[in-house]
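Residue-level listing of the chains:
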Amino acid sequence: MLYPDEIIEEVRVRNDIVDVISEYAGLKKAGNSYKCCCPFHNEKTPSFTVSREKQMYHCFGCGAGGNVYTFIMKYENLTFPEAIQFLAKRAGITLPERELSPADRAKADRRTTMYEVNKIAAAYFHFLLTKTEAGGRAYQYYKERGYTDETIKKFGLGYAEIYSDDLYKYLKKREFKDEIIRDAGLIEIDEKKGPHDVFWNRVMVPIADINDKIIAFGGRVIGDGLPKYVNTKETDIFSKSRNLFAMNLARKSKRRGIILCEGYMDVIAQHQAGFDNAVASLGTAFTEAQANLIKRYTDEVFLAYDNDDAGRKALLRAIEILRKYDIKQRVISLEPYKDPDEFVKNLGTEAYEDRIRDAIPGRIFEIDQIYKKYNLSNPDEKTEFMHGAAAILAGIEDPAERINYVEAVAAKYRCDQNELKKLVTKIGLSGMKEAPAADTGQRYINERKKDKNPYLEAEEYLMSLMISDTELFKTLDGIVDENDFTETGTREVARAVFDMYRDKGEVNPATILNGFEDADLQERVTAMMTRSFDFDTGPEAMSRALTDIVRKVKINNIEKEQRDNKGSQIELARKKNQVRNLMINVRR
């Protein structure tokens, strides 16, 4: 670990989980806990619970859970050490300088160097564009697109030379190693050709993360060559699916919502026109991780995708994803132009402001796409259209919102409002409503249940019982210890839990979580620590439940040893019979 246990615990204690999560979500008191709609999946009924007593949170919808570190790691997309630093700063704690292990130091140094090599490459590309004769053609390209010198500087736009080893030679002079330059996605190494640049003879656009660090590049060919665009491959510091171009700038905008585009050239043009809340995905279709990133800053997105078949298809997919994250979608009409850049150049910023103001809701856009497939003067086709529209409207959970949409759609497409309302109700009751409205949390639970390891489930259940009632450690003394937990996950938790109980005579779940850096594992551990029991926990009922689950766990382990031929089969059979006759009595 980067910091000693006592520092990690001090930072956690000084950051009350209710206070921290309240800064991100609207928690409301509910008995001894606090509740809100989960910030990690779309839901209408709050299932996200935060316990000040336990200093933990858990979502009973999607399974997300953990302590204050887990929450910050997941919400802010930070590593465990970064979450410690984030929360230490929040609490006014000065972290000690600490020597890293050789492995940790090498990993940290490597990431730092990758950021540095990208920063230097971006500065070099910008220098070539603005200060050299060779960059004149690229500079002219930007000018023809209408970019000002201020915009070129703001986005750090650049140019990659016509020579396929120019950047490589420059970075070698700066004493960067081939491995780092390659792993940052700036060169490829071929057995025959040797090292050569990924980007050459292209105008260059640096891509920054949310903290303004250069993590990648997009390169566009000058002229009609192919491929038209080349983007940095996935690296240790760059994930296409988790970042958005210009989000570092758009998050600071005072404008309403976020404008989501397809390409970074569109974004640059919109920022120059004053629409500094524009962002774009990075060479891939819009993703759920990108929606989650947007959700941190706004609950409304204006979609300005290309006005062609591919753009409309991508737009429909983006609407579906945004809806999952409870983000309002508004579609900007770019008619008669193909993209936002063309629109603003031809009709100006005021006309674009009007189109933003008149942007239609995502569901109306979806229904428009259905409408184009039918001739509503034909009764049969009109009926099919109404069924398609009703399926979309049935996905609206709020009754008032659903009625408003039914009225608007009936009026726009000249349908009988009462008949459309009946169809919506019928489809909603039959469960045939649109797929995007399906509860993602429940689907997650079903998938987890389907894939559940029965041995793991038994061990997790026993661990949950003991954590929920530490008196059971005395009851099970000499019967159960950490060695009975053999499945990956529960084994590590059991060791930490038994060590803490022996040392302090209690179990603090939030403190135990400090020992797990992986966010996914933290959520598994949290599920064990926050499990609610739906049976009577009086002595008699608990004795039966505990007897049953302890027998199951211990017999599972004996049968594993039998299958693996570990020890005498006769002795193992004798042990199994002893366990079958085991009776546990809980006294209160």
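On a predicted model such as this, the values are computed, not experimentally measured, just so you know.

Basis of the calculations
- Residues numbered from 1 in each chain as written.
- Predicted model: local features only at pLDDT ≥ 70, side-chain atom pairs only at ≥ 80, totals over all residues.
- Heavy atoms only, no water.
- Helix = DSSP H or I, 4+ residues; strand = E, 2+ residues; numbered from the N terminus.
- Buried < 20%, exposed > 50% of the residue type's maximum accessible area, 1.4 Å probe, protein only.
- Contact = heavy atoms within 4.5 Å.
- Areas by Shrake-Rupley, 256 points an atom, 1.4 Å probe, with all protein chains shown as cover.
- Axes fitted to C-alpha atoms, helices over the stretch in contact; angles between N-to-C directions.
- Parallel < 35°, antiparallel > 145°, perpendicular 65-115°, else oblique.
- Left-handed = near helix turned anticlockwise from the far one by under 90°.
- Core = buried A, V, L, I, M, F, W, Y, C linked by side-chain atoms within 4.5 Å.
- Pairing = 2+ DSSP bridges.
- Phe/Tyr/Trp six-rings, centres within 6.5 Å; stacked < 30°, edge-to-face > 60°.
- Lys NZ or Arg CZ within 6 Å of the ring centre and 35° of its normal.
- Nonpolar A, V, L, I, M, F, W, Y, C, P; charged D, E, K, R; others polar.
- Arc of directions from axis to C-beta.
- Right-handed = clockwise from strand over helix to strand, strands pointing away.

## Let's talk about the overall build of the protein
- Each helix and strand counted, the protein has 26 helices and 16 strands in total.
- In terms of overall dimensions, the protein has C-alpha extents of about 85 × 75 × 50 Å along its principal axes.
- Within the protein, buried positions represent 49% of all 588 residues.
- Intrachain contacts of the protein at a sequence separation of at least 6 include 65% that bridge at least 24 residues.
- Carbon and sulfur atoms provide 47% of the accessible area of the protein, an area that totals close to 29,500 Å².

## Here's the deal with the packing of helix 11 (residues 264-272) against helix 14 (residues 340-357)
- At their nearest, the axes of helix 11 and helix 14 sit 11 Å apart, and the two run at 25° to each other. As judged from the angle between their axes, helix 11 and helix 14 are roughly parallel. Crossing geometry of helix 11 relative to helix 14 is assigned as right-handed. In contact with Asp 266, Ala 269 and Gln 270 of helix 11, helix 14 contributes Pro 340, Asp 341 and Tyr 352.

## Remarks on the nonpolar core
- If you look at the biggest cluster of nonpolar residues, it comprises 65 residues, and the most contacted ones within it are Tyr 142, Leu 186, Phe 245, Ile 259 and Tyr 352.
- Ranked by residues supplied to this core, first place goes to helix 5 (residues 102-131) with ten residues.
- Contacts of Tyr 142, omitting those with residues within four sequence positions, involve Leu 129, Tyr 147, Ile 152, Leu 157, Gly 158, Val 203, Met 204, Val 205 and Met 265.
- Grouped together as the second largest cluster of nonpolar side chains are 34 residues, Phe 498, Leu 513, Leu 546 and Leu 582 included.

## Focus: the sheet that holds strand 6 (residues 158-160)
- Reading across the sheet, the four strands line up as 6-9-10-11 and stay open at both edges, with antiparallel pairing between neighbours. Since the sheet does not close on itself, it has two edges, and those belong to strand 6 and strand 11 (229-231), each with one partner. Across the sheet, the axes of successive neighbouring strands diverge by a mean angle of 30°, strand direction being ignored.
- The sheet contact formed by strand 9 (residues 202-208) and strand 10 (residues 214-221) spans seven bridges and is antiparallel. Counterpart to Pro 206 in the pairing with strand 10 is Phe 217.

## What to know about the environment of Thr 284
- With respect to the secondary-structure elements, Thr 284 resides in the loop between strand 13 (278-280) and helix 12 (288-295).
- By relative accessible area, which is 31% here, Thr 284 ends up partly exposed.
- Here the alpha-carbon distance between Thr 284 and Ser 377, two residues 93 residues apart in the chain, equals 40 Å.

## Some words on the packing of aromatic side chains
- Counting across every chain of the model gives 28 aromatic pairs.
- Aromatic rings pair up to connect Tyr 24, Phe 40, Phe 48, Tyr 57, Phe 71 and Tyr 75 into one cluster.
- Positioned above the aromatic ring of Tyr 34 is the side chain of Lys 29, whose terminal nitrogen or guanidinium carbon lies 5.2 Å from the ring centre.

## Things to note about the packing of helix 15 (residues 362-371) against helix 16 (residues 379-393)
- For the pair helix 15 and helix 16, interaxial distance at closest approach is 10 Å and the crossing angle is 160°. Classified by the interaxial angle, the pair formed by helix 15 and helix 16 is roughly antiparallel. Considering how the two elements wind past one another, helix 15 and helix 16 form a crossing that is right-handed. Residue-level inspection shows Arg 363, Glu 366, Ile 367, Ile 370 and Tyr 371 of helix 15 in contact with helix 16, the latter providing Phe 385, Gly 388, Ala 389, Ile 392 and Leu 393.
- Classifying every residue of the contact of helix 15 with helix 16 by side-chain character gives seven nonpolar, one polar and two charged.

## A few points about unusual backbone geometry
- Backbone torsion omega between Glu 335 and Pro 336 reads 5°, so that peptide bond is classified as cis.
- With respect to the secondary-structure elements, Pro 336 resides in the loop between strand 15 (328-331) and helix 14.
- Positive phi, normally seen in glycine, also occurs at Asn 201, with a value near 55°.
- Counting through the fold element by element, Asn 201 comes out in the loop between strand 8 (194-197) and strand 9.
- One non-glycine residue with positive phi stands out, namely Ala 246, at about 70°.
- Tracing the sequence through the fold places Ala 246 in the loop between strand 11 and helix 10 (247-250).
- With a relative accessible area of 3%, Ala 246 lands in the buried category.

## Some remarks on the sheet that holds strand 14 (residues 300-303)
- Spatial ordering of the open sheet is given by 13-12-14-15-16, a layout of five strands whose pairing is mixed. With one partner strand each, in any of the chains shown, strand 13 and strand 16 (360-361) form the two edges of the open sheet.
- Judged from the four bridges that link them, strand 14 and strand 15 form a sheet pairing that is parallel. Residue pairing for strand 15: Phe 302 is matched across the bridge by Arg 330.
- Sheet contacts for helix 11: strand 12 (258-261) and strand 13; angle to strand 13, the most-contacted strand, approximately 170°.

## So, helix 12
- Residues Gln 290, Ala 291, Leu 293 and Ile 294 constitute the buried set of helix 12. Buried residues of helix 12, viewed axially, fall in a sector of 155°; they line one side.
- Tucked inside the fold, the buried residues of helix 12 contact helix 10, strand 12, strand 14 and helix 13 (309-324).

## What about the pairing of strand 12?
- The two faces of strand 12 match: Ile 258 and Leu 260 on one face and Ile 259 and Cys 261 on the other face are all buried.
- Where strand 12 and strand 13 come together, three bridges link them in parallel fashion. Looking across to strand 13, one finds that Ile 259 is bridged to Ala 278.
- Tracing the backbone out of strand 12, into helix 11 and back to the parallel element strand 13 gives a crossover that is right-handed.

None of this, on its own, says anything about what the molecule does.
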